[in-house]
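Descriptive analysis of the structure
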Amino acid sequence: MTETTFVKPLSLAESKKKNYINIVKTHFNKKFGSDPSFYVRAPGRVNLIGEHIDYCGYAVFPMAIEQDILVAISLNGSNKINLTNVKESLYPDFTTSLDVLKIDSLNPKWYHYYLCGFLGMVEHASYDYLSSSSGLDIAVLGTVPPSAGLSSSSALVCAAALATMHAYSLSVSKLELASLSSKCERYIGTEGGGMDHAISVLAEPGSAKLIEFNPLQTTNVLLPEGAIFVIANSCVEINKAATSHYNIRVVECRLATQILAKACGLNVTEVSKLKDVQEFANIPVDQMEKKVKEVLHENPYSRTEVCQILELSDSEFETTLLSANTKFLQEFKLYQRALHVYQEASRVWRFKEICEKKSETSLLMLGQLMTESHASCRDLYECSHPDLDELVQLCLKAGALGSRLTGAGWGGCTVSLVPFEKVDNFLVDLKKNYYSKHFRLQELLDTAIFPTKPGGGAVIYED
Ligand code: ADP
Ligand code: NG1
Ligand code: MG
């Protein structure tokens, strides 16, 4: 049964977690001269399949990983939020007054993600209880590799929102927390879907989850036996808020939606996502490929052409369809992006069915879907990176049944399905063929490649 409460006694935390809690407690004590009142953890995630389709309305298939963001927190009686991080050299201390909270999406810093979660929660509660003595002392420790497609950003946002909820004695359900965290991470500038927050908050140990949107709902899916998912970091870092790659894809999907909707005779004001087109036009998802090929052309669309088709002036186009960091765009690849989204959405459902049916060929079929998904991310969605493509090839050569980039891409991690009996050789081969070739990666080896299994979701630990 799904647990509804977030709170657990600290004594129940597993020993590895207790070690990290002690580290963050010591740091908190050093900075603020007292012990924290409680701790919050929110995990990162690995997406097994379903990339760049959550913001198009389609279901995705992630699982939570063990690595997480830990927050130690106390009310401090002032009007200041004081934030400190165990990794001080990377993430310097930050202080702000409660009355001047500001998230600078043009120059995103680590503490802005925390403030996203904080603001999301206080806005949800309509600021009612905030006073000039509602300040907080907060220490953060993260073990999710940052900017690597494992959702360190969302783990931080979810942990911040949950810590704020408990510090102010608010009560918010798990589903509400997942939804509000997803909305408030957009304050950093990325127009994300809801996958990362849903899995970070709602994950249950032992199961991956099919996550559906509008309304948000999740289904536990047991993964087939005989193989394990191994994450390997290409060590190419990509910060999604500081670049425009991610939002460009969101915009391209938005434009493809509008043009497809118009061609299908739909009311374009009612249709905002690629899934809406499919549903309103009443076409099965696996037949949308045909519609895309009928309506859209392969050459990139110019801005002028899109404006003509949608009967918009350039300034209407800019204000209604572009975001702050995509206003400069002049060309859009709509055919390729829409094709990826509809095909990837079908792959997610096939992946789930294979997990549930369990046959002798399940693992092979799952692996094949993963590798197809990577090819689509590389060729149609163009969100891979040469080092990621190399890593995927090396993973397959080292014995994986399937391998793909995970998360937004343009760098970050691969996830590979590896039969149990091949895991040891797989790790040795990959270390030799990828990590020893890239000299700068030697020191990262300990944290760059690791087998993983479905972990639990966000928790509040109290003494
Ligand atoms: P991803 O979510 O794929 O890891 P993003 O680019 O979305 O990558 O977010 C990465 C950002 O999240 C980092 O630049 C940093 O600001 C923040 N972050 C991640 N881990 C930590 C951490 N341990 N402490 C503070 N901030 C972190
Ligand atoms: P990462 O790589 O973890 O920042 C992003 C989005 C997801 C999803 C994936 C691609 C956010 C917070 N996360 O994840 O919603 O679109 O890319 O499938 O924007
Ligand atoms: Mg992120």
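Reading the values: rules and limits
- Residues numbered from 1 in each chain as written.
- Chains lettered and ligands numbered in written order.
- Predicted model: local features only at pLDDT ≥ 70, side-chain atom pairs only at ≥ 80, totals over all residues.
- Heavy atoms only, no water.
- Helix = DSSP H or I, 4+ residues; strand = E, 2+ residues; numbered from the N terminus.
- Rg over C-alpha atoms; globule rule 2.2 N^0.38 Å.
- Buried < 20%, exposed > 50% of the residue type's maximum accessible area, 1.4 Å probe, protein only.
- Areas by Shrake-Rupley, 256 points an atom, 1.4 Å probe, with all protein chains shown as cover.
- Lys, Arg positive; Asp, Glu negative; His and termini not counted.
- Charge placed at Lys NZ, Arg CZ, Asp CG, Glu CD.
- UniProt positions renumbered as here; feature names shortened; annotations may be inferred.
- Pairing = 2+ DSSP bridges.
- Axes fitted to C-alpha atoms, helices over the stretch in contact; angles between N-to-C directions.
- Near = heavy atom within 4 Å.
- Polar contact = N/O pair within 3.5 Å; in protein donor to acceptor, adjacent residues only side chain to side chain.
- Nonpolar A, V, L, I, M, F, W, Y, C, P; charged D, E, K, R; others polar.
- Phe/Tyr/Trp six-rings, centres within 6.5 Å; stacked < 30°, edge-to-face > 60°.
- Core = buried A, V, L, I, M, F, W, Y, C linked by side-chain atoms within 4.5 Å.
- Contact = heavy atoms within 4.5 Å.
- Salt bridge = Lys/Arg side-chain N within 4 Å of Asp/Glu carboxyl O.

**Quick notes on the overall build of the chain**
From N to C terminus, the chain includes 15 helices and 15 strands. The C-alpha atoms of the chain give a radius of gyration of 22 Å, which matches the 23 Å a tight globule of 463 residues would have. When its C-alpha atoms are laid out on the principal axes, the chain stretches across 65 × 55 × 45 Å. Here the chain holds 463 residues, and 59% of them are scored as buried. Looking at the chain as shown, the accessible area adds up to about 19,200 Å², and 51% of this sits on carbon and sulfur atoms. Both charge centroids of the chain, one from 44 positive and one from 53 negative side chains, sit 3 Å from each other.

**Here's the deal with the UniProt feature "domain: GHMP kinase C-terminal" (unreviewed entry) in the chain**
Mapped onto the present numbering, the UniProt feature "domain: GHMP kinase C-terminal" (unreviewed entry) falls on residues 362–435. With 58% helix and 15% strand, residues 362–435 has end C-alpha atoms that lie 30 Å from one another.

**Remarks on the sheet that holds strand S3 (residues 61–75)**
Spatially, the 7 strands line up as an open sheet ordered S1-S15-S2-S3-S6-S4-S5, and their pairing is mixed. Looking at strand neighbours, the two that pair on one side only are strand S1 (7–9) and strand S5 (94–97), the edges of this open sheet. Averaged over all adjacent pairs, the angle separating strand axes in this sheet is 25°, with direction ignored. Pairing geometry for strand S2 (residues 38–49) and S3, over 10 bridges, is antiparallel. Bridge pairing in S3 places arginine 45 opposite alanine 64.

**Notes on the site of ligand 1**
Taken together, 18 residues lie near ligand 1, and Asn85, Ser147, Ser152, Asn239 and Lys240 sit nearest. At a separation of 2.8 Å, an oxygen atom of ligand 1 approaches a polar side-chain atom of lysine 240. For ligand 1, the accessible surface in isolation is 570 Å², of which the surrounding protein chains cover 92%. Every element with two or more residues in the shell around ligand 1 is listed here: helix H2 (110–124) and helix H3 (152–167). Considering only residue class, the shell around ligand 1 consists of 9 nonpolar, 8 polar and 1 charged.

**Some words on the site of ligand 2**
The immediate surroundings of ligand 2 are formed by 18 residues, with Glu51, His52, Asp54, Asp196 and Tyr246 found nearest. One of the side-chain N or O atoms of glutamate 51 is found 2.7 Å from an oxygen atom in ligand 2. In the environment of ligand 2, a nitrogen atom lies 2.7 Å from a nitrogen or oxygen atom belonging to the side chain of aspartate 196. The fraction of the free accessible surface of ligand 2 (450 Å²) that becomes covered by protein chains is 96%. No other element matches helix H5 (residues 195–202), which puts 3 residues into the shell around ligand 2. In terms of residue class, the shell around ligand 2 is made up of 4 nonpolar, 8 polar and 6 charged.

**A closer look at the packing of aromatic side chains**
Scanning all chains against the criterion turns up 10 aromatic pairs. Relative to tyrosine 246, the ring of tyrosine 55 lies with its centre 5.4 Å away and its plane at 70°, an arrangement referred to as edge-to-face. Of the two residues, tyrosine 55 sits in the loop between S2 and S3 while tyrosine 246 sits in helix H6 (residues 245–263), which places them 191 residues apart along the sequence. Under the relative-accessibility criterion, tyrosine 55 is labelled buried at 10%. Both rings, one in phenylalanine 118 and one in tyrosine 168, keep their centres 6.2 Å apart while their planes meet at 75°; by these two values the pair is edge-to-face. Pair noted here: phenylalanine 118 is in helix H2 and tyrosine 168 is in the loop between H3 and helix H4 (174–185), with a separation of 50 residues, a long-range link. Phenylalanine 118 gets classed as buried once you look at its relative accessible area, which sits at 0%.

**Topic: the sheet that holds strand S12 (residues 402–405)**
Read from one edge of the open sheet, 4 strands run S12-S13-S9-S14, paired in antiparallel fashion. The open sheet terminates on both sides in strands that have one partner only, identified here as S12 and strand S14 (449–452). On average, adjacent strands in this sheet sit at an angle of 25° to one another, irrespective of strand direction. As paired elements, strand S9 (residues 227–233) and strand S13 (residues 413–419) share 7 bridges and run antiparallel to each other.

**A short note on the nonpolar core**
Residues Leu48, Phe61, Val71, Tyr114, Leu296, Tyr342 and Phe351 are the most contacted members of the largest nonpolar core, which totals 137 residues. Apart from the residues within four sequence positions on either side, phenylalanine 351 is in contact with Leu48, Ile49, Phe61, Phe229, Leu366, Leu369 and Met370. Ala398, Ala400, Val418 and Ile449 belong to the second-largest nonpolar core, a separate cluster that totals 19 residues.

**Thoughts on the environment of alanine 163**
Here alanine 163 shows up in helix H3. In this structure the C-alpha to C-alpha distance between alanine 163 and phenylalanine 118, which are 45 residues apart in sequence, comes to 8.2 Å. Residues within four places of alanine 163 in sequence aside, it is in contact with Phe38, Val40, Val71, Ile73 and Tyr114.

**Examining the pattern of salt bridges**
Throughout the structure, instances matching the rule amount to 25 salt bridges. When the shortest N-O distance is used, the salt bridge between lysine 30 and glutamate 88 registers 3.6 Å. Of this pair, lysine 30 sits in helix H1 (residues 15–32) while glutamate 88 sits in the loop between strand S4 (80–85) and S5, placing them 58 residues apart in sequence. A relative accessible area of 32% means that glutamate 88 is categorised as partly exposed. In the salt-bridge network here, residues are joined through shared partners; they are Arg249, Glu252, Lys333, Arg337 and Glu382.

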